[in-house]
Each structure stands twice: as structure tokens, then as C-alpha cells.
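Okay, here's what each chain looks like letter by letter:
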Amino acid sequence: GIRSLGALAEAGEASKAHATFMKLRDVTPPGKQTFLWNSVLKAYAKAGDSEGAHLWMEAMAKERVPMTWRTLGKYVASASNACLVAETERRIHKHVDLPSKRRNSTRWAFAHVAQPSEDDAEQEPSPMYRMALHASARAGELARAEAWIQRMRSVGLAVTNVHYNTVIDACSRYGDTAAAS
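Cut-offs used in this document
- Think of each chain on its own: its residues are numbered from 1, step by step along the sequence as written.
- Per-residue local features of the predicted model are confined to residues with pLDDT of at least 70, and side-chain atom pairs are confined, for both listing and counting, to 80 or more; whole-chain, interface and lining totals are unaffected and use all residues.
- Note that water and hydrogens are dropped before the side-chain values are worked out from all heavy atoms of the structure.
- All axes here are fitted lines through C-alpha atoms, helices being fitted over the stretch that makes contact, and every angle between N-to-C directions spans 0 to 180 degrees.
- We count a stretch as a helix when DSSP gives it H or I for four or more residues in a row; a strand needs E for two or more, and each element gets its number in order from the N terminus.
- In this scheme, roughly parallel covers angles under 35 degrees and roughly antiparallel covers those over 145, while 65 to 115 is roughly perpendicular and the rest are oblique.
- Two helices crossing with the near one rotated counterclockwise from the far one by less than a right angle form a left-handed crossing, whereas a clockwise rotation gives a right-handed crossing.
- The contact rule is simple, with two residues in contact once any of their heavy atoms fall within 4.5 Å.
- Amino acids are sorted into nonpolar (Ala, Val, Leu, Ile, Met, Phe, Trp, Tyr, Cys and Pro), charged (Asp, Glu, Lys and Arg) and polar (every other residue, Gly among them).
- Distance and chemistry together define a polar contact, namely a pair of N or O atoms within 3.5 Å, with one atom able to donate a hydrogen and the other to accept it when in protein, and with adjacent residues in sequence counting only for side-chain atoms on both sides.
- Buried residues are those whose accessible area, probed at 1.4 Å on protein chains only, stays under 20% of the maximum for their type, while exposed residues exceed 50% and partly exposed ones sit between those limits.

Engineer: Where do I start with the packing of helix α1 (residues 2-10) against helix α2 (residues 14-25) in this structure?
Structural biologist: Each pair of packed helices can be summarised by the angle the axes make with each other and by the distance between the axes. It is the contact of α1 with α2, at a shortest axis distance of 9 Å, that shows an interaxial angle of 160°. If you check the angle between α1 and α2, you find them roughly antiparallel. For the pair α1 and α2, the sense of crossing is left-handed. Taken together, the residues of α2 that come into contact with α1 (itself represented by I2, S4, L5 and L8) are K16, A17, T20, F21 and L24. For the contact of α1 with α2, the residue count by class is 6 nonpolar, 2 polar and 1 charged.

Right under this line is the structure:
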């Protein structure tokens, strides 16, 4: 059941998670549908299947499944985990970088159905910004990684030693020892 779906999602087994989802979909109460859909999206994210995640998000929008910060985080993570830096950034700019007033008062950017839940009202986009930072660093796009640290600072997000170390490690890995210091 649901535990199996969660385990498949955590393992990045998207096709198996989808099959389990199909068995659970019609017997799951409406209030738990977002959780089910997000579980399959998590499988795509863990697998780094950006295209699969995009198609799943389109299906969620078509079915009018409420989307939350967690939904968008998994969507961004699917591109980040695939080291698709430009796509990670595009998703953040299109779906996350909305002024908070607009984010809370109008429909979200992905589709005409995505709205933050009450649980998400106080969430910040910092996890998605970190995903862009890490994707940039893993892809060796050091200037972009540094720019994400600046971006985080400019919007008032905490930048920690973990963030700096991500960039320093990437500089070392890609031979830019001058930037690493």
C-alpha cells in the first residue's frame, strides 16, 4: 500500500511507484490524493528523471491535484538531481520566484490549479535555491554556483558553511584552486 509507494519513491523506482499509485488512487480519500501524486513525483526526483517529472506535473495539473511547496520542491529536485542547471533555474524562476504577496494571493505559475496549502503558507524557497546551488556545483558551473549564494543572500536566506563548502569543493574538483581559496 502506501508504505510500499513511499519506499519505491525513496528508491527512485518511478515505474513501480506509478503502478502502485494506480492501485491506490481510486481507494484513497480525496484529502490524501496530493500525497499519492507527490510520492510518484518524488520517485522521478530521486531518479533524476526531469522529463518524467514534468509529464507527471502536467498530469497533476490536468487532474486538478492541489500542488504544494513539496510538490514544487520535488519538481525542481528532478532537474537538479539530473544536473540540469538551466532547467533547475528555469523551474525556480517560473514556479518559485514569485513575490510572496502574489504567491499567496493568486494561483501559482505551473498551472491554473496550483495553490499553496495552509501548511505551506510559511515555507520559503530556500530548499529550491540550494538545489540550484548544488546542481551548478555538481555540473562544474562555478560562476553559477557562486551566483546562487549571492542570490540567496539578496533575498534574505541564510547562507551557511555548507553552502560555501559546496562551492569550494566544486572549485577544487574542477581545478579552480584560486577560486576555492
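Engineer: I tried to follow the environment of H54 on my own but got confused; where do I start?
Structural biologist: In this fold, H54 is placed in helix α4 (residues 50-62). As for H54 and L41, which are separated by 13 residues in sequence, their C-alpha atoms are 9.0 Å apart. Side chain to side chain, H54 and Y75 meet in a polar contact 2.6 Å long.

Engineer: What is the right way to read unusual backbone geometry from this model?
Structural biologist: One can expect most non-glycine residues to show negative phi and most peptide bonds to be in trans. Phi angles above zero are rare outside glycine, and R64 is one such case at about 60°. Relative to the helices and strands, R64 resides in the loop between α4 and α5 (69-81). A positive phi angle is found at C83, which is not glycine, with a value near 60°. Position of C83 among the secondary structure elements: in the loop between α5 and α6 (85-96). Residue C83 is classed as partly exposed on the basis of its relative accessible area of 31%.

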